[in-house]
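An overview of the molecular structure
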Amino acid sequence: MTDTYSTLLIERHADGYAVVTLNRPESLNALNSTLLGELAAFLDAVETDDSVRCLIITGSGEKAFAAGADIKEMASQSYADMYRSNFFSEGADRLARFRKPVIAAVNGFALGGGCELAMLCDIIVASEKARFGQPEINLGVAPGIGGSQRLTRLVGKSKAMDLILTGRMMDAQEALQSNLAARVVPHESLMDECRAMASKMGSQSLLALMANKEMVNAALETTLTQGVQFERRLFHSLFAFEDQKEGMGAFVEKRKPEFKHR
């Protein structure tokens, strides 16, 4: 399959994952309508492609994952323009619905929309050079891709208020301590670390990956009782698949499983 986009670079790997690089280096990979639309199109293309079982999203260049939304595109918009187009919804909402695991390899600035895009991913791995923030207050506006909601759920009300109301940036170590990032690694090791994670996920049953992702996401939106019940039903349902028989059979036989994703 050929992946040709004007704002994304795509690398597919035999280990079962793809790397998506946001490629607008002249604007520090700022998110515009074209980029978000192309991201949505790529997610559509790989949603049912079993050869891609995990994604890594990162930014081109050495400075930024994504330094924010494209202010030049938004500056002249009216309320009617934003409301009619449901601005930001296309790529962001599509990533939120994507059923396979997504790793954000944050290699630099992840600010505003860039921070929100990272939070839409399932795991954030940060370079030591990474910086996170929601500086929309400095422009007289507010987060618009879920930043006020996801950041609060991840780091708590006080830390979210601190970042959103002052517009300050948070470094990688603070992001790790605040439960925003899962890991912080040396800058030069970032992609190797993420590729190793993606390769490990790519070796698993796709059905199990999708079910486990669904379970964890449900924990943010259900009570404990509802969440445990949901988990148990999904756990039971995995026994309908060939991969469960292969995985448990391989364990008993002390061999590596060969999952067929069915």
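Our structure is the block above this text.
Residues numbered from 1 in each chain as written. Predicted model: local features only at pLDDT ≥ 70, side-chain atom pairs only at ≥ 80, totals over all residues. Heavy atoms only, no water.

Some remarks on the overall build of the chain
Assigned secondary structure in the chain consists of twelve helices and ten strands. Its C-alpha atoms give the chain a radius of gyration of 19 Å, within 12% of the compact-globule value 18 Å for 262 residues. Judged by the C-alpha coordinates and their principal axes, the chain covers about 60 × 45 × 40 Å. Counting every position in the chain, which comprises 262 residues, the buried fraction comes to 46%. Pairs at least 24 residues apart make up 67% of the contacts formed inside the chain by residues separated by at least 6 positions. Accessible area for the chain stands at about 13,500 Å²; split by element, carbon and sulfur atoms hold 54% of it. (Helix = DSSP H or I, 4+ residues; strand = E, 2+ residues; numbered from the N terminus. Rg over C-alpha atoms; globule rule 2.2 N^0.38 Å. Buried < 20%, exposed > 50% of the residue type's maximum accessible area, 1.4 Å probe, protein only. Contact = heavy atoms within 4.5 Å. Areas by Shrake-Rupley, 256 points an atom, 1.4 Å probe, with all protein chains shown as cover.)

Topic: the side chain of Glu-38
Structurally, the position occupied by Glu-38 is in helix H1 (residues 33–47). The residues contacting Glu-38, other than those within four sequence positions of it, are Tyr-5, Ser-6, Thr-7 and Leu-8.

Side note on the nonpolar core
Among the nonpolar cores identified, the biggest contains 49 residues, and Phe-65, Val-106, Ile-124, Phe-132 and Leu-180 are the most heavily contacted of them. Contacts of Leu-180, omitting those with residues within four sequence positions, involve Met-119, Ile-124, Phe-132, Leu-151, Leu-154, Val-155, Met-170 and Ala-175. Counting 14 residues, the second-largest nonpolar core is a separate cluster that includes Val-19, Ile-103, Ala-105 and Val-185. (Core = buried A, V, L, I, M, F, W, Y, C linked by side-chain atoms within 4.5 Å.)

Points about the sheet that holds strand E9 (residues 170–171)
What holds strands together in a sheet is hydrogen bonding between their backbones, with the strands either parallel or antiparallel. The four strands lie next to each other as E4-E6-E8-E9, forming an open sheet whose pairing is mixed. Lying at the two open borders of the sheet, with one neighbouring strand each, are strand E4 (64–66) and E9. Examined bridge by bridge, strand E6 (residues 109–111) and strand E8 (residues 131–133) share three bridges and lie parallel to one another. Bridging across to E8, Ala-110 finds its partner in Phe-132. (Pairing = 2+ DSSP bridges.)

With respect to the sheet that holds strand E7 (residues 123–127)
In spatial order, the strands read E1-E2-E3-E5-E7-E10; together these six strands make up an open sheet with mixed pairing. Taken across any chain shown, the strands that pair with only one partner, and hence form the sheet edges, are strand E1 (8–13) and strand E10 (183–185). The average undirected angle you get between the axes of adjacent strands in this sheet is 20°. For strand E5 (residues 102–106) and E7, the ladder comprises four bridges, and the chain directions are parallel. (Axes fitted to C-alpha atoms, helices over the stretch in contact; angles between N-to-C directions.)

Looking at the environment of Asp-3
On the secondary structure map, Asp-3 appears in the segment before E1. One polar contact links Asp-3 to Arg-12, side chain to side chain, over a distance of 2.7 Å. (Polar contact = N/O pair within 3.5 Å; in protein donor to acceptor, adjacent residues only side chain to side chain.)

Overview of the packing of aromatic side chains
Taken as a whole and assessed by the stated rule, the structure comprises four aromatic pairs. With a centroid separation of 6.2 Å and 90° between ring planes, the pair formed by Tyr-5 and Phe-42 is classed as edge-to-face. On the criterion of sequence distance, the pair formed by Tyr-5 in the segment before E1 and Phe-42 in helix H1 is long-range, its members being 37 residues apart. Measuring from centroid to centroid gives 5.7 Å for Tyr-79 and Tyr-83, while their planes differ by 25°, and the two rings are stacked. Of this pair, Tyr-79 and Tyr-83 both sit in helix H3 (residues 79–85), separated by four residues, roughly a single helical turn. In this pair, the class of Tyr-79 matches that of Tyr-83, namely exposed. (Phe/Tyr/Trp six-rings, centres within 6.5 Å; stacked < 30°, edge-to-face > 60°.)

By themselves, these figures tell us nothing about what the structure is for.
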